[in-house]
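Geometric and topological summary
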Amino acid sequence: MEILRFFQNLFRRNRADIKIGINTKISKKSKIETLFGGKITIGNNCQIEDFSMLLTYGGNIEIGDECSVNPFCVLYGHGGLKVGNKVRIATHTVIIPANHVFDNITIPIMNQPETRKGIVIGNDVWIGNGARILDGVVLGSGVVVGAGSVVTQSFPDNVVIAGVPAKIIKHRK
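Fair warning: this is a prediction, and the values are worked out from it, not measured in the lab.

On to the overall build of the protein chain. What the protein chain contains, in helices and strands, is one helix and 22 strands. Seen through its C-alpha atoms, the protein chain measures out along the principal axes to roughly 50 × 45 × 25 Å. The 173 residues of the protein chain split such that 42% are buried. Counted over contacts in the protein chain with a minimum sequence separation of 6, partners at least 24 positions apart contribute 15%. When the accessible surface of the protein chain is totalled, it reaches about 9,300 Å², and 57% of it is carbon and sulfur. For the protein chain, the distance from the average position of its 20 positive side-chain charges to the average position of its 13 negative side-chain charges is 3 Å.

Next comes the structure, spelled out in structure tokens:
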């Protein structure tokens, strides 16, 4: 089984639609796939831990250098996901750059379109356990996202945000 996992990881590293940087460690139990198109780029010296999922759903996922994606995280690509350098994403975080439209009550929600604005996360960001980051959000560099927060709007550099929905609770010095 170990040999099979080795070759699966080797195969992932040599695909045109998935690029993995040097010294990047990807758990054998993670799932990294391009679904319905898109590309995945993971920088150098990153860690993708057990049971994390990176799935494109037609968009692109770009992760910078020295980032960690901890166990049970879900990162989708739909409208594009860009993660800067030195970003820490704690366990059970969900980042989805898409959202359902539900305005027309005569059409089932599943048959209505999606928004796909994308998500951008700056450098040196720490996203706490169980956070949710939704479509259209831009997080500046140096942001700290409190555990369990639901991020529905963009925030500037060097702030600590928390809550449902997330709001600024303090500024970093």
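Read across the sheet, six strands follow the order E1-E4-E7-E10-E15-E18 without closing on themselves; strand pairing throughout is parallel. The open sheet terminates on both sides in strands that have one partner only, identified here as strand E1 (18–20) and strand E18 (138–139). The sheet contact formed by strand E15 (residues 119–121) and E18 spans two bridges and is parallel. Residue Val-120 lies in a different strand from E18, and its bridge partner there is Val-138.

In this section: the environment of Asn-70. Within the secondary structure, Asn-70 sits in the loop between strand E8 (68–69) and strand E9 (74–76). The class of Asn-70 is partly exposed, set by a relative accessible area of 24%. Between the alpha carbons of Asn-70 and Gly-80 there is a distance of 20 Å; along the sequence they are 10 residues apart. Those residues in contact with Asn-70 that lie beyond four places of it in its chain are Glu-49, Ser-52, Ile-89, Ala-90 and Thr-91. From its side chain, Asn-70 meets the backbone oxygen of Ile-89 in a polar contact 3.0 Å long.

On the basis of which strands lie adjacent, the open sheet formed by six strands has the order E3-E6-E9-E12-E17-E20 and parallel pairing. Whereas interior strands pair on both sides, the edge strands pair on one side only; in this sheet they are strand E3 (31–33) and strand E20 (150–151). One ladder, built from three bridges, connects strand E6 (residues 53–55) with E9; its direction is parallel. For Met-53, the partnering residue across the bridge sits in E9 and is Val-74.

A few words on the side chain of Ser-68. Inspection of the secondary structure puts Ser-68 in strand E8. Its relative accessible area of 11% is what places Ser-68 among the buried residues. Ignoring sequence-local partners within four residues, the contact set of Ser-68 consists of Gln-47, Val-87, Arg-88 and Ile-89.

Pairing analysis gives five bridges linking strand E21 (residues 159–163) to strand E22 (residues 166–171), with the strands arranged antiparallel. The residue bridging Val-160 from the neighbouring strand is Lys-170, located in E22. The hairpin formed by E21 and E22 contains two residues between the paired strands.

The biggest cluster of nonpolar side chains holds 35 residues, and the ones touching the most others in it are Ile-63, Ile-121 and Leu-139. Contributing elements (two or more residues each) for this core: E1, strand E4 (40–42), strand E7 (61–63), strand E10 (81–83), E15 and E21. Setting aside residues no more than four positions away along its own chain, Leu-139 makes contact with Val-120, Ile-121, Gly-122, Ile-133, Val-145, Val-151, Phe-155 and Ile-161.

Quick notes on the rules
- Residues numbered from 1 in each chain as written.
- Predicted model: local features only at pLDDT ≥ 70, side-chain atom pairs only at ≥ 80, totals over all residues.
- Heavy atoms only, no water.
- Helix = DSSP H or I, 4+ residues; strand = E, 2+ residues; numbered from the N terminus.
- Buried < 20%, exposed > 50% of the residue type's maximum accessible area, 1.4 Å probe, protein only.
- Contact = heavy atoms within 4.5 Å.
- Areas by Shrake-Rupley, 256 points an atom, 1.4 Å probe, with all protein chains shown as cover.
- Lys, Arg positive; Asp, Glu negative; His and termini not counted.
- Charge placed at Lys NZ, Arg CZ, Asp CG, Glu CD.
- Pairing = 2+ DSSP bridges.
- Polar contact = N/O pair within 3.5 Å; in protein donor to acceptor, adjacent residues only side chain to side chain.
- Core = buried A, V, L, I, M, F, W, Y, C linked by side-chain atoms within 4.5 Å.

Function cannot be read off these values alone, since they describe shape.
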